[in-house]
Each structure stands twice: as structure tokens, then as C-alpha cells.
Number of protein chains: 4
Amino acid sequence: MGVTGVRKPVQVQRPDKAVTLNIVVDAFVDLPSNMKGSHLSRNVEVIGEIVDESVREPVSSIENLTLLICRSLLERHEYASLSEARTIADYFLERKTPMGKKSLEGYKIFACAKVRRGDGLTAERRIGVEVVGMTACPCAMETIKDSLSVQVENLPIITHNQRNKTTIEMDVPNGFEIEADDLIEMVENAMSSPTYEILKREDEAEVVRRAHDNPKFVEDVVRDILSSILDKYADFPDDVAVRVRSESEESIHKHNAFAERDTTFRELRL
Amino acid sequence: MGVTGVRKPVQVQRPDKAVTLNIVVDAFVDLPSNMKGSHLSRNVEVIGEIVDESVREPVSSIENLTLLICRSLLERHEYASLSEARTIADYFLERKTPMGKKSLEGYKIFACAKVRRGDGLTAERRIGVEVVGMTACPCAMETIKDSLSVQVENLPIITHNQRNKTTIEMDVPNGFEIEADDLIEMVENAMSSPTYEILKREDEAEVVRRAHDNPKFVEDVVRDILSSILDKYADFPDDVAVRVRSESEESIHKHNAFAERDTTFRELRL
Amino acid sequence: MGVTGVRKPVQVQRPDKAVTLNIVVDAFVDLPSNMKGSHLSRNVEVIGEIVDESVREPVSSIENLTLLICRSLLERHEYASLSEARTIADYFLERKTPMGKKSLEGYKIFACAKVRRGDGLTAERRIGVEVVGMTACPCAMETIKDSLSVQVENLPIITHNQRNKTTIEMDVPNGFEIEADDLIEMVENAMSSPTYEILKREDEAEVVRRAHDNPKFVEDVVRDILSSILDKYADFPDDVAVRVRSESEESIHKHNAFAERDTTFRELRL
Amino acid sequence: MGVTGVRKPVQVQRPDKAVTLNIVVDAFVDLPSNMKGSHLSRNVEVIGEIVDESVREPVSSIENLTLLICRSLLERHEYASLSEARTIADYFLERKTPMGKKSLEGYKIFACAKVRRGDGLTAERRIGVEVVGMTACPCAMETIKDSLSVQVENLPIITHNQRNKTTIEMDVPNGFEIEADDLIEMVENAMSSPTYEILKREDEAEVVRRAHDNPKFVEDVVRDILSSILDKYADFPDDVAVRVRSESEESIHKHNAFAERDTTFRELRL
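Keep in mind the model is a prediction, meaning the values are calculated, not measured.

A. Spotlight on the overall build of chain A. Counting its secondary structure elements, chain A contains seven helices and nine strands. In terms of overall dimensions, chain A has a C-alpha envelope of 75 × 40 × 40 Å along the principal axes. Within chain A, the fraction of its 270 residues that count as buried is 53%. Sequence separation of 24 or more characterises 69% of the internal contacts of chain A that already satisfy a separation of 6 or more.

Next up, the structure:
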């Protein structure tokens, strides 16, 4: 029980400088069965105060902001035993195109937290990213290759390629931190190619070449990301949950291709 | 792994006649770890064939359509051990306004099914509805009432009221059926008032009066629906899961008020 | 001044049979300066009655339905001098894939009408379609071709290709009719390739080949559609307005490529 | 012909400090009939450079940013005779609730510009705002008042009230400036009441009271805004175009009420 869609600009500290992120927050508490309604204005107050405070001292991440909101919610709603918050924001990172040109690229990052009264410092935290990139289809490429009368070595074969949207959402175990930038990088490495806002002709050709050298089904993207996650966070406990979803806006169809794996480090380690 | 966003018109049998529903279907199977990719065109073929067949013989419900899709998916993908499908459709029912005028009202209905190879006829089925109606706030009404210098008996007190969107999503246990129309009715009964597309002046006044006679927080809407469900499906087993969500587009705020309960018949019976 | 977002299922007569289309209607009248407000319930009544009537006798097209709504609006709002309505609907047509397999494809069709009191039978009518298909980029293809060390005749060259959404919106002059199916066909012919919901392997390869044989910028798509329109409707008067928009969801970028031409038959004939 | 949906964070100077706005930009040039395609990457480069420059020196407004983009587009596309750009951004202003509590409120602001080669410094500029607030219906209030057996003076009468979204979009004549904050204020003054993210109980009651003291049809909102605009910009020339739209998400219906006036200062002055 709470509020959804509260929009605020918040100051977040990045390695080199503070940036403004426009966040959208949902914030909830549970309600004991003997209470008829909750004081929703407290939820919006909590969000507002933390955002105001960020002007003086930027928050370290939206993940910590979300956790702060949860803790304050429990302080304000003295009757609640559980608080939960979700935050989403547009996010930008500088990338280099194949030819070395700088390009500012857009992503989405999100964070969830859940705090139970009496849990002390512990809390459930979850972090996520959404990345847009490109996939080229291995299946059509193979069918077309088989149909060619001439076989020229190293000549790239045509196929359909398209915009792909991939998300990671995973638990942050207590005592560990996850950097959203790392998750974004893992997704971009798992696609046929990252995409860029600015591409001059030679860059454009190179992105197309790389995508065709690296054709991927949506299920390949998911599999490769899970493998990177397992490598990168080798010391994470077994019960860490992770969900990866990849959706390709198929250029040859009006519908999308979709793969998802909702799993744990335990399963991945089998 | 599968397809999302496949759009088709399908013939569905209602008590009195067959109607056309425009469905949007997502259909998935799992992929054994030794297989690189799945044959997604089979998913779309399965959907297409069942939809084509509905022209000759209308399906009995989108819930059964979704189950049929799941079973066919397992037949076509001989390597898969699990299939899953989700269907959503716009849906219309005739309602009577307070003054007795007929008005055709729009809703959304959805169905999910999950079938495991070897399960025989059993399968997990889930059904849902989304209903738009109206809530009037009890809290502002009380504050205003307390501030009035004159107390006139039976005079309705002003408050903020707004569009509310409420969804039910629940398991259909094996051997039982749930009629979407019943769920829609339970939601409309739990709101401050249902809403209507056509309201002449006297009807309009009456809807406003009823809403003010029946002020509701989003958490009241959720609570009352759960209570109706427990009454209506008294013979359902304990492990049936149900999720009710109610969101009010608060007229006095730019954000929404939201309540959710994700529970089981066991918990509800405590 | 009026209502937006009224949803109804309506019976529309097609050459071979009546079909149900789910329409969304906006309906407006003007308001003389001496009147404070309009009776909006009349707008919804008008829409409801015409839709109810379609159950007994299907309307001939959503364009004529929209015109009927406009005329009824002027009858009901005796103080208004102008009425306007817009209708949009999901629409389906059967297509054949390159290998001859039948596939039901989804589109959007829309209609606008404007009627002035005293205009007699004349009215402004407008019709439109939205079609999803595929474009392959000629520019990246050329850059890559130029960079190849080996030149093999007739070997298709890789490029980026993507989902493209193209719309036509044009006046229907008095005394003439336009068939939405014809507009849809012109759009599909102007893209690098139409897209299909069901494609087995050989079909998939053939769609990819056709798209690469026929690379198109968004501005090519617009130009070719306008040229087809001018041919097809050679007898239309000079003042007929037409707007064509084509948007490609670039697979190599996070933004879209877009071309539009908003013109008249007079300009096109220059 | 150009690009749509380019997302960037940009530094904008406000009276007291520089703020970061996340803009979404569409940028186009025309294409001479003898050219097959345009160099779209130049459009994104132009946007990127102006945004980068804003880090060193914040732009004065998104309206001037949009104009800068248009001028740079004509420099880069030497073959084009016309450039056009549109920018939209989330925007925040501090407001005071009736009880004097500070609340940060969200809006949308947008700007369009069109520059013709050879126009020198002159250009067509357009600015706009989107504001969410509240309307209470005068019609239901009157019907209910007439039906009451007791008439108590000054006692507010119930009615339906709801979230309302209103936009202004208007030309900025050469030699004049328009401040988006002023347009936002005019919209808020024309609604039944502005809305606020944070409202404690007494504030909530006061917003409800003010809305019921000030019932408004969507057409009233449009009319009152146009009247404020004419007062505020009394020295603007006759040919300045302005469009005001107001849409109420009717709490008693599933559809919306809508009013629009697309006019000029000349017409308004009649």
C-alpha cells in the first residue's frame, strides 16, 4: 500500500562528478489488518526529504537512495512491519565508437529494496539495467549461406538484424556492492553489437560488420550475460537471484523474439 | 524462450453468441541446455492454427485458448519440457446505469497457462481481469466534515474522487472453472462506484451520490474483493494463489495511490 | 470540445463477410461563444447508437462510420456549426509469404471526418493506414561494398535492416472512395520488404534476400508511396492533401530515422 | 527527413542556478528533389555538440537550444533550405501548498523551431507546456444542488472531480521572449485547483474545498487560459498562433472530456 509514479530530480555522485538523475519512485508499506488506511502523504514526504538532502550531499547510487527510502518509511509508519521501494531513472554513459569517436549513450537503471522491521542493517536490495543494442540472426544467415552457389571465404553473409532490448535484474547480497556500469557493459558485450547515437560512414560499416561476425539469438544473449555475471561475481553466495531478459524487435516479423532466465547463482553453478 | 506480441482476432463463444476478441499472445517453451536455439516460427504457427480453427468452432474462453496453445507448443517442440502462454484481450459487457439505461462497457481480460510434459491433462491455469471504475476518498471527506460549522444530516460531504484501475489475477484450480464476468462484477462492487460510458444528467448525479455514500481507499477495494472471492469460491483448495491490485489516479496529486495483496486461499482463510 | 477514447466493437462489412473491429473514437463539436458548456453525453450516445445499429446492418467502412457520427453530432447539438470525429482500429489482412504460405497480418486503419452545418451532403473526409514492415539501409551497404577486396557478382552485401512503421493519411475527395487495403498494399510495396508473422526457414531467407535486393532510406519509402498514390488516384482533384510518414527503428542506433512529406496532389503533379 | 528520439542530458540556466534537463530531440532538414538521401549522422552530431557545449556554458532555455540546433543543421546540410527541431523535457518547479508547505512539482516543457536558409536571424519559434491539475464538474454539482431538499448557504456541493492534463503551445514572435514558468502558472490558475505531491490532512481538505469552489468544464479551462495569455502578452502581434488543449480523465466515465482551441491573437482580439 503506497504511492506510485512520484517524479523527482536527484543528485547522484559518480566517480568524477555529481549528476542529476530524474527518478520515478514507487514506495509502499504493509498495513496491519486492524488498520483501515495508511498515511500516504508520509511516503511522498520521505522521498522529498531524501531528494532535498541530495542537493547538499549527493547520494552514492539510486540503489542506496532506494534503501534510504525504505528505512525512513519504517520510521514514519510506526505500525508497518515491512517497507518496499522501487526507483527507475534514465542514465547516460560515454562510449567510444569503433573508429574512436565519443558518443553519449542512454540506458535505464533501476533499484528495489525491501526492509523488514527488526532486520537491523540488513535489507533485500535488487539492482537492474536496461540496455538497447543490436542482434543479427544466426539462423537466416546459415540458411542463406547454404543456398549460395559461390562460397567466398571471410565474406560476411546477409541476415536480418534489429534493435534488441535486454535487462538484468539481480539481488545485491549483504556486504557486497554491484556497479550498474558493469552490468551495462556485460549486456553490451553479449549482444551482436552495441549501438551508438553517432556513427559516421566508416563507423556505421564497422558496426554492421561486427554484428554479422557475431550473430546471436536472444537465448545466446541471455546465456552469455549469465556466464559473465557468474565470472564477475564469483564470490557471491548461492542464493543470489538473477533474472535476464532479452527481446529482439525482429525486423522480418511484426512480433518480437524473447528469451528469459529467472535463476539463482546455485542453479548457474551446477 | 519464444515470441511476444502476436496479434490475432479470435472467435470466442459467449452464452448467447460468438464474439470476436482481438488477442495479443506471448508463447514460450524452455530450451534444453544442449540446444542453441529454438524454432520460434512453430510458436506463431500454433497460435495461427488455433485461431483459424476458432472460425469454424469458436473457443469457449481465452483461458482455454491459452491452454490449447500450451499443449500444442509441447507437441511441436519435442525437445521442450515446459510451455507457457499469456493472452490479453479487450472485452465488452452490457451494463445498466442507475437510471436503467443500457451502456456497453470496456474491460481487459487475460489468461496464462503453463504445461509440463508428462503432466497429462493437468496444467497450471491463471485468469485475470482489469476494470476501470471510481473511488472517493474517505480521509478528505472526514477532515472536511469535521471542519464544517453546520452539521446537516444525510447531506453528502465533498471529497476528491478519481478514476481507479483494479486487477484480479488468480489460479484456476484443476476441476474448477472461473468466469471472467464474475470477477469483473466483484471488482465493480468493491469500488466507490462503477463508471459508465453514457450518463444523462440524472444518471451522472446518481453515480456521484453513490460514490460519496461509499468512500473507499485503494486498500478497501483490495480487501473487499478478496472477501468476495473467498465467498464465491468457497470450495477452492487452500493453495490457490490470488493477486489483487488497485491503483487510484488521485485527482489531488500527480502520482497514484496503490494497494496490492498477493496471497493464497490458505492465508485468506486464517 | 467533446470526448476522447471511447472504445466500442463495431460490425464492418468487408467484400466477403462482416468483421468485428474494435474502434477507439474521438468526437467533437464547436461551441458558440455564448454557451458555457456542451452536453458531452450526446457524443457518446451518438457513437453507441451507430455501433448498435451496425449489429443489425454492418457499416460499409470505418470512414463512413466516422462520417455518420459527424452528421448525427450536428443533429443532436443543435447549437453547433461544426462536428469532427476520428476513429482508429486494429485491422487484419491475409497475406502470402514468398513461399506461398498464408499469414494473417495486423495493421491499423484510421478515419477522420469534419462536417459543417449547411454543407448538405458534402463533408471533409480523411482516411489513413499504419503499416509495419522492413527497411535495409543502402548507405551502409555501399560503404561495405566499397571496402570489400573481392567483388562477387550478384552476391548480396550485408547492411543494417530494421522494423519500419509507415503511415499514409489522405483526403477522400467528394464523389470518390479510397479502399484502405489499397493504401496498405502501396506501403508494403514501397518498403524493402513486407514482414510476416509466420516464416519457415526458406521463407525467412527469402524475405532477407528481397530486403537486401531492395535497400531503402525512409525518404525513398515516402517518395515511392507518393508516386504510387499519384498513379492510382490519377483522377483526383489538385487540392487533395496527403501526408506520408516513414520511421525506421534503426538497428544500429537507439534513435529512429524519420521522413515525412505533407503535400497536395497539385504539388505532386508539378 | 531526420532523426527522432535522441535523448541527452543538457545544462540549462535558470534564474538562480543551472539545472540538468533530460531532453528528447527530433531534428529534420528538407531534401532537394535531386538528392536521394541525407546524412542523418550530422543531425545527431549537431545535437551532441550543442549539448556538450552546455556543460561549459549552460543554454538559456530549451527554446534557444532548439533554435541553435536548427541553425547548425542548415550549416551542416549545405543542400537543405529548411531545418526544423522539436525538444521536450521533464521540468520541475517549487510550489507552496495552501498551508504553505513547499512541494516540488513536475511538468513537461517543449520547444519547436523552424529556420529557412536566408532568413538571417529570424526564425519561427514555438514554446509549450504540459501541466497536470484538477477539475471539478459544474454540471453534476448543479444537478445535485437542485435535488437537495435542504439548502444550506455556503455548504459545498459534491460533484465528480478528476485529474486534468492541459497544454499550451504558442508562437514566440521575433523580438519577444516567453517564459515557460509563466505559461505553467496561467494553466494552474485556470484549473479548478493545482495539484501537489505532498499534502497533509488540512492541505488535502483545502485543495478539495478550492476545487469545489471553482468548478470548471474543460472548455472553461481553455477559455480562461486564452484570456490570461491575451492579457499577459498584450503587445504581441496579431499573427501569433496559440493552441490550448485540456483533457479531463473523467472519474465517472472510462473516456475523457476534451476541449481545444487552435487560434491566433487576431481572432482572440475580435
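B. Layout of the relation of the copies chain B and chain D. Superposing chain B onto chain D takes a rotation of 180° plus a shift of 0.0 Å along the axis, which leaves an RMSD of 0.0 Å. The transformation relating the two chain copies, once decomposed into turn and shift, fits a two-fold axis. Counting the interface residues of chain B, we find that 100% of their copies in chain D are interface residues as well, pointing to one common contact surface.

C. Highlighting helix H2 (residues 62–76) of chain C. In a regular helix each residue adds 1.5 Å, so 15 residues correspond to 21 Å; H2 of chain C covers 21 Å between its end C-alpha atoms and thus fits that length. Ile62, Glu63, Leu65, Thr66, Leu67, Ile69, Cys70, Ser72 and Leu73 of chain C are the residues of H2 of chain C that are buried.

D. A look at the interface of chain A and chain C. Opposite the 36 residues of chain A that make contact, chain C presents 36 residues. Elements with a minimum of two residues in the side of chain A that touches chain C: strand S4 (102–116), strand S5 (124–136), helix H3 (138–147), strand S6 (161–172) and helix H5 (201–213) of chain A. When residues in the side of chain A that touches chain C are grouped by element, the largest group, eight residues, is from H5 of chain A.

E. Molecular detail of the pairing of S4 of chain A. All names here are of chain A. Relative to S4, strand S3 (residues 82–96) is paired through 15 bridges, and the arrangement is antiparallel. From the neighbouring strand, Glu94 faces S4, where its bridge partner is Leu104. Connecting the antiparallel pair S3 and S4 is a turn made up of five residues, with Gly100 showing a positive phi of about 90°.

F. Geometry of the environment of Pro98 of chain A. Residue and element names in this part refer to chain A. Secondary-structure assignment places Pro98 in the loop between S3 and S4. Classification of Pro98 by C-beta neighbours within 10 Å gives partly exposed; the count is 17. The spacing of Pro98 and Asp203 is 105 residues in sequence and 5.9 Å in space, taken between C-alpha atoms. In contact with Pro98, not counting residues within four places along its chain, are Asp203, Glu206 and Val207.

G. Molecular detail of the environment of Ile198 of chain C. Here Ile198 of chain C shows up in the loop between strand S7 (193–194) and helix H5 (201–213). A sequence separation of 97 residues divides Ile198 of chain C from Lys101 of chain C, and the C-alpha atoms of the two residues are 8.2 Å apart. Aside from chain neighbours lying at most four places away, what touches Ile198 of chain C is Ser41, Val44, Glu45 and Gly48 of chain B together with Thr97, Lys101 and Ser103 of chain C.

H. Summary view of the interface of chain B and chain D. In this complex, chain B contributes 36 residues to the contact, which on the side of chain D involves 36 residues. Of all the elements in the fold, those that place two or more residues in the side of chain B that touches chain D are strand S4 (102–116), strand S5 (124–136), helix H3 (138–147), strand S6 (161–172) and helix H5 (201–213) of chain B.

I. Just the packing of helix H1 (residues 40–56) of chain A against helix H2 (residues 62–76) of chain A, in detail. All names here are of chain A. Between H1 and H2, whose axes approach to 9 Å, the crossing angle comes to 135°. Considering their axes alone, H1 and H2 lie oblique with respect to each other. Handedness of the crossing formed by H1 with H2: right-handed. Between H1, through Arg42, Asn43, Val46, Ile47 and Ile50, and H2, the contact on the second element is made entirely by Leu65, Leu68, Ile69, Ser72, Leu73 and Arg76. Residue composition of the contact of H1 with H2, grouped by class: seven nonpolar, two polar and two charged.

J. Looking closely at the domain arrangement of chain A. All names here are of chain A. Each domain of chain A was delimited in the assignment, giving domain 1 (1–122) and domain 2 (130–270). Measuring from the centre of the C-alpha atoms in domain 1 to the corresponding centre in domain 2 gives 28 Å. The interface of domain 1 with domain 2 comprises 14 residues on the first partner and 17 residues on the second. Sorting the residues of the side of domain 1 that touches domain 2 by element identifies S3 and S4 as the ones contributing at least two each. With six residues, S4 is the largest single contributor of residues to the side of domain 1 that touches domain 2. A breakdown of the residues in the side of domain 1 that touches domain 2 according to their chemical character gives six nonpolar, three polar and five charged.

K. Just the environment of Thr20 of chain A, in detail. Mapped onto the elements, Thr20 of chain A comes out in strand S2 (residues 18–29). For Thr20 of chain A, the residues in contact, after removing those within four places along its chain, are Pro9 and Gln11 of chain A together with Thr20 of chain D.

L. Fine view of the pairing of strand S6 (residues 161–172) of chain D. Residue and element names in this part refer to chain D. Where burial is concerned, most of S6 is hidden: nine out of the 12 residues are buried. Two elements, S6 and strand S8 (residues 241–248), share seven bridges in a ladder whose sense is antiparallel. Residue pairing for S8: Thr166 is matched across the bridge by Ser246.

M. How the structure looks around the packing of H3 of chain A against H5 of chain C. Running from amino to carboxyl end, H3 of chain A crosses H5 of chain C at an angle of 85°, the nearest separation of the two axes being 9 Å. Between H3 of chain A and H5 of chain C, the crossing angle belongs to the class labelled roughly perpendicular. Here H3 of chain A contributes Ala140, Thr143, Ile144 and Ser147 of chain A to the contact with H5 of chain C, which in turn contributes Arg201, Glu202, Glu204, Ala205, Val208 and Arg209 of chain C. In terms of residue class, the contact of H3 of chain A with H5 of chain C is built from four nonpolar, two polar and four charged.

N. Examining the confidence of the model for chain A more closely. In this model, chain A carries an average pLDDT of 94, and 99% of its residues clear a pLDDT of 70 or more. With pTM at 0.95, the complex prediction returns an ipTM value of 0.94.

O. Region of the structure containing H5 of chain C. For H5 of chain C, with 13 residues, the first-to-last C-alpha span of 19 Å sits near the 18 Å given by 1.5 Å per residue. Those residues of H5 of chain C that sit buried are Asp203, Glu204, Ala205, Val207, Val208, Ala211 and His212 of chain C. Along its buried surface, H5 of chain C packs onto H3 of chain A together with strand S5 (124–136), strand S6 (161–172) and S7 of chain C.

Definitions and limits used
Residue numbers here run from 1 along each chain, matching the order of that chain's written sequence. For naming, the first written chain is A and the first written ligand is 1, with later ones following in the order written. With pLDDT at 70 or above as the cut-off, local features in this predicted model cover only qualifying residues; side-chain atom pairs require 80 or more to be listed or tallied, and sums for whole chains, interfaces and linings still use all residues. Helix and strand definitions here come from DSSP, where helices need a minimum of 4 consecutive H or I residues and strands a minimum of 2 consecutive E residues; each element is numbered from the N-terminal end. Whether a residue is buried, exposed or partly exposed is read from the other C-beta atoms within 10 Å of its own C-beta, which are placed from the backbone; 20 or more gives buried, 12 or fewer gives exposed, and intermediate counts give partly exposed. Two residues form a contact once the distance between their C-beta atoms, set from the backbone, is within 7 Å. For the least-squares superposition of copies, only C-alpha atoms count, and only for residues with pLDDT at least 70 in both. By this rule the span expected of a helix is its residue count minus one, scaled by 1.5 Å. In this analysis, strands are considered paired if DSSP registers two or more bridges between them. As a rule, the C-alpha atoms of each element are fitted with a line to give its axis, helices using only the stretch in contact, and angles between N-to-C directions run from 0 to 180 degrees. Angular relationships are summarised with four words: roughly parallel below 35 degrees, roughly antiparallel beyond 145, roughly perpendicular across 65 to 115, and oblique for the angles in between. Crossings are assigned a handedness: left-handed for a near helix turned anticlockwise from the far helix by less than a right angle, right-handed for a clockwise turn. Only Asp, Glu, Lys and Arg are considered charged in this grouping, and only Ala, Val, Leu, Ile, Met, Phe, Trp, Tyr, Cys and Pro are considered nonpolar; every other residue, Gly among them, is considered polar. The domain limits used here are those given by an automatic or database domain assignment. The pLDDT score gives, residue by residue, the confidence of the prediction method on a 0 to 100 scale.

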